[in-house]
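Chain residues, written in single-letter form:
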Amino acid sequence: MNVESFFPGRLRVRSEMFTKPAVADRITTYIHSVHGVKNVSVNARTGSLTVVYDATVITMPMLMEAKDELERLEREGA
């Protein structure tokens, strides 16, 4: 998984797993449920996931924890 762009309030990552519709749907649904997330979008063609969030609610440690979890899913072949 690669972080393509980041600034407080917006994060875009790219991964092969986001090209799989079922996986992308599960991840999108989960991320939408996180308090402070404003919008989530996936581009299955490019394998990118963009999250717009409230940077006063979601902290850098929370983002790093989420990234670690997504990388674990990626390794497991989610």
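What you are looking at is a predicted structure, and each value in this text was computed from that prediction instead of being measured.

Peer 1: Would you mind showing me how to read the nonpolar core here?
Peer 2: It is characteristic of soluble globular proteins that their nonpolar side chains tend to be buried jointly. Ranked by size, the top nonpolar core spans 17 residues in total, and within it Met17, Ile27, Ile31 and Leu49 carry the most contacts. If you list the elements that add at least two residues to this core, you get strand E2 (10-14), helix H1 (21-32), strand E3 (37-43), strand E4 (48-53) and helix H2 (60-75). The contact partners of Ile27, leaving out residues within four places of it in the chain, are Met17, Phe18 and Leu70.

Peer 1: Where do I start with the sheet that holds E4 in this structure?
Peer 2: Sheet strands pair via backbone hydrogen bonds, and the direction of the pair is either parallel or antiparallel. Overall, antiparallel pairing links the four strands, which are arranged E1-E2-E4-E3 in an open sheet. With one partner strand each, in any of the chains shown, strand E1 (2-7) and E3 form the two edges of the open sheet. For this sheet, the mean angle separating the axes of adjacent strands, direction not counted, is 10°. As paired strands, E1 and E2 are joined by five bridges and run antiparallel to one another. Counted as the bridge partner of Asn2 is Arg14 from E2. In this fold H1 packs onto E3 and E4, with an angle of close to 170° to the strand it touches most, E3.

Peer 1: Mind showing me how you'd approach the pairing of E3 here?
Peer 2: Look at any regular strand and the pattern is simple: side chains alternate between the two faces of the sheet. Direction of pairing for E3 relative to E4: antiparallel, over a ladder of six bridges. Note on E4: the bridge partner recorded for Val40 is Val51. Between the antiparallel neighbours E3 and E4 lie four residues, among them Gly47 with a positive phi of about 75°.

Peer 1: Can you help me understand the side chain of Ser48 in this one?
Peer 2: With respect to the element layout, Ser48 can be found in strand E4. Judged by its relative accessible area of 7%, Ser48 falls in the buried class. Polar contacts involving the side chain of Ser48 include one to the side chain of Thr46, which spans 3.2 Å.

Peer 1: Would you mind showing me how to read the pattern of salt bridges here?
Peer 2: When the charged atoms of two side chains lie near each other, side chains of opposite charge can form a pair. Counted by the stated rule, this structure contains three salt bridges. Residue Arg14 pairs with Glu4 through a salt bridge whose shortest N-O separation is 3.6 Å. A residue pair is termed long-range when its members are at least 10 positions apart, and Arg14 in strand E2 and Glu4 in strand E1 qualify at 10 residues. Glu69 is paired through a salt bridge with Arg72; the nearest N and O atoms lie 2.3 Å apart. One end of the pair is Glu69 and the other is Arg72, both in helix H2 and three residues apart, which spans about a single turn.

What counts and how
- Residues numbered from 1 in each chain as written.
- Predicted model: local features only at pLDDT ≥ 70, side-chain atom pairs only at ≥ 80, totals over all residues.
- Heavy atoms only, no water.
- Core = buried A, V, L, I, M, F, W, Y, C linked by side-chain atoms within 4.5 Å.
- Buried < 20%, exposed > 50% of the residue type's maximum accessible area, 1.4 Å probe, protein only.
- Helix = DSSP H or I, 4+ residues; strand = E, 2+ residues; numbered from the N terminus.
- Contact = heavy atoms within 4.5 Å.
- Pairing = 2+ DSSP bridges.
- Axes fitted to C-alpha atoms, helices over the stretch in contact; angles between N-to-C directions.
- Polar contact = N/O pair within 3.5 Å; in protein donor to acceptor, adjacent residues only side chain to side chain.
- Salt bridge = Lys/Arg side-chain N within 4 Å of Asp/Glu carboxyl O.

Spatial relationships are all this shows, so hold off on functional conclusions.
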